[in-house]
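A closer look at the structure
Spelled out, the chains give:
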Amino acid sequence: MIINSQLTNILLIAGIVCLIIAVIGNSKLGFVEINPGCFGRLLALTLGTLSLVFAVGLGNLPLETLDSLKTYLSEQIQQNISSINEILQRS
């Protein structure tokens, strides 16, 4: 059950990151420049969509309604704010 939950979290994060790359396209994050091109954006869109579909398919998401989604995301951000700050300061 714990491994399934960890896999769901990994797939959700990977899907969101891939979709962000597909939507934003050319951007510069600190010293890293992201320039995926047309094929890279299409690949990121495909991988992101598949990753999110697999995460939902596992059926282990703690979501019932839109309100629970908002509270779940706010709790996760509050619990992991130090990690998020470290990642943002590095780039």
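Being a predicted model, the structure only gives us computed values, none of them experimental.

Right, let's get into the overall build of the protein chain. Summing up its helical and strand segments, the protein chain has 4 helices and 2 strands in all. Written out in order from the N terminus, the α and β elements of the protein chain read α-β-β-α-α-α. Here the protein chain holds 91 residues, and the buried ones make up 13% of them. Contacts in the protein chain between residues far apart in sequence, at least 24 positions, make up 60% of those at least 6 positions apart. A total of about 7,100 Å² of accessible surface is found on the protein chain, and carbon and sulfur atoms cover 68% of it.

This part takes up the side chain of Ser51. Positionally, Ser51 belongs in helix 2 (residues 37–58). Among the residues examined, Ser51 registers a relative accessible area of 8% and is labelled buried.

Attention shifts here to the confidence of the model for the protein chain. Detailed reading of the predicted coordinates is not advisable wherever pLDDT falls low. Residues with a pLDDT of 70 or more make up 79% of the protein chain, whose mean pLDDT is 76. The spread of mean pLDDT over the elements of the protein chain runs between strand 1 (residues 27–29), the lowest at 69, and helix 2, the highest at 85.

Now for a nonpolar patch on the surface. On the surface, Ile16, Ile20, Val23 and Ile24 cluster together to form a nonpolar patch covering roughly 380 Å² of accessible area. Assignment of secondary structure puts Ile16 in helix 1 (residues 2–24).

Moving on, we get to the environment of Ile34. For Ile34, the location among the structural elements is in strand 2 (residues 32–34). Residue class for Ile34 comes out partly exposed when judged on its relative accessible area of 22%. Counting along the chain gives 13 residues from Ile34 to Ile21, while the straight-line C-alpha distance between them is 7.9 Å.

How each quantity is defined
- Residues numbered from 1 in each chain as written.
- Predicted model: local features only at pLDDT ≥ 70, side-chain atom pairs only at ≥ 80, totals over all residues.
- Heavy atoms only, no water.
- Helix = DSSP H or I, 4+ residues; strand = E, 2+ residues; numbered from the N terminus.
- Buried < 20%, exposed > 50% of the residue type's maximum accessible area, 1.4 Å probe, protein only.
- Contact = heavy atoms within 4.5 Å.
- Areas by Shrake-Rupley, 256 points an atom, 1.4 Å probe, with all protein chains shown as cover.
- pLDDT = per-residue confidence, 0-100.
- Patch = residues over 30% accessible without salt bridge, like charges linked within 9 Å, V, L, I, M, F, W, Y side chains within 5 Å.
- Salt bridge = Lys/Arg side-chain N within 4 Å of Asp/Glu carboxyl O.

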